[in-house]
Amino acid sequence: WMLLANGQFEPQVELVEDQLIRLRLVNAMSGSINLLHLAFDHDAPCTIHALALDGVFLKAPRSVSSALLPPGGRADLAVHCSEPGLHHLRTTTDRDNAELFGGQFPQGHTLLAFNVTEPTSGDVDVGDNGVGGNGCNLDCGGHCSGCDGGDNGGVG
């Protein structure tokens, strides 16, 4: 089994402590048994907020412990890590009713590794993001403005 992110095997993303990053994920695997269930390790100091599912923005970002993507499913997520270190977003099978979905990708495969570093004096402070760091407030329904000038929901 091999999981790729942007054509790369287990790529590392550089992230500053308390910074938010937006992920746009799609499960591009074919077959009805390729359910993709992603989560951080239980002791990781990282949180996931769902911003949109299958292109439909939620009314407000929702804190989730994992992301579940069926084949062809899409999710926009905001990830926040509060401590420096290397933190892995991996496949998990922590789901009681996985058999109802026809099966899922095996546990323990890393999709992305976040290399989180401490902030330096050169990092830009753009205000409180609602989770204790720099960025945009997560209470904006995924459509923040003034955080980064882009249309990426203000996170990332």
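All figures in this text were calculated on a predicted structure; none of them were measured in a lab.

Asks: What's the story with the nonpolar core in this structure? I'm lost.
Replies: Burial of nonpolar side chains together is a common tendency in soluble globular proteins. Ranked by size, the top nonpolar core spans 27 residues in total, and within it Phe 40, Leu 89, Leu 111 and Phe 114 carry the most contacts. At the level of secondary structure, the elements contributing two or more residues to this core comprise β3 (12-16), β4 (20-26), β5 (36-40), β6 (46-53), β8 (67-69), β9 (74-81) and β11 (110-117). In this view, Leu 89 contacts Leu 23, Leu 38, Ala 39, Phe 40, Ile 48, His 109, Thr 110, Leu 111, Leu 112 and Phe 114; residues no more than four positions away in its chain are not counted.

Asks: Is there a simple way to explain the packing of aromatic side chains in this structure?
Replies: For any pair of aromatic rings, the description consists of the separation of the ring centres together with the inter-plane angle of the planes. Under the criterion given, the structure shown has 1 aromatic pair. Ring geometry for Phe 40 and Phe 114: centres 5.7 Å apart, planes at 50°, overall tilted. Placement of the pair is Phe 40 in strand β5 and Phe 114 in strand β11, with a sequence separation of 74 residues. Of the two residues examined, Phe 40 and Phe 114, each falls in the buried class.

Asks: Quick question: what am I supposed to make of the sheet that holds strand β10 (residues 85-91) here?
Replies: As a general point, the strands of a sheet are linked pairwise by backbone hydrogen bonds and lie either parallel or antiparallel. Pairing is mixed across the open sheet formed by 5 strands, whose spatial order is β3-β11-β10-β5-β8. Lying at the two open borders of the sheet, with one neighbouring strand each, are β3 and β8. Sheet twist, expressed as the average angle between the axes of neighbouring strands with direction ignored, equals 25°. Alignment of β5 against β8, held across 3 bridges, turns out to be antiparallel. The residue bridging His 37 from the neighbouring strand is Leu 68, located in β8.

Asks: How do you make sense of the sheet that holds β4 when you look at a structure like this?
Replies: The 4 strands lie next to each other as β4-β9-β6-β7, forming an open sheet whose pairing is antiparallel. Both edges of this open sheet fall to β4 and β7 (56-64), since each of them pairs with a single strand only. Here the strands of the sheet are splayed against their neighbours by 25° on average, with no regard to which way each runs. Relative to β9, β6 is paired through 7 bridges, and the arrangement is antiparallel. The partner of His 49 across the bridge, within β9, is Ala 78.

Asks: Would you explain the state of the cysteines in this entry?
Replies: Among covalent bonds in proteins, the disulfide is the one between the sulfur atoms of two cysteines. Counting across every chain of the model gives 1 disulfide. Each sulfur in the disulfide pair Cys 46 and Cys 81 lies 2.1 Å from the other. With the S-S bond torsion at 105°, the cross-link from Cys 46 to Cys 81 turns out right-handed. One end of the pair, Cys 46, is in strand β6; the other, Cys 81, is in strand β9, with 35 residues separating them in the sequence. Taken individually, Cys 46 and Cys 81 each receive the classification buried, so the pair is uniform in this respect.

Reading guide: rules and limits
- Residues numbered from 1 in each chain as written.
- Predicted model: local features only at pLDDT ≥ 70, side-chain atom pairs only at ≥ 80, totals over all residues.
- Heavy atoms only, no water.
- Core = buried A, V, L, I, M, F, W, Y, C linked by side-chain atoms within 4.5 Å.
- Buried < 20%, exposed > 50% of the residue type's maximum accessible area, 1.4 Å probe, protein only.
- Helix = DSSP H or I, 4+ residues; strand = E, 2+ residues; numbered from the N terminus.
- Contact = heavy atoms within 4.5 Å.
- Phe/Tyr/Trp six-rings, centres within 6.5 Å; stacked < 30°, edge-to-face > 60°.
- Pairing = 2+ DSSP bridges.
- Axes fitted to C-alpha atoms, helices over the stretch in contact; angles between N-to-C directions.
- Disulfide = S-S within 2.5 Å.

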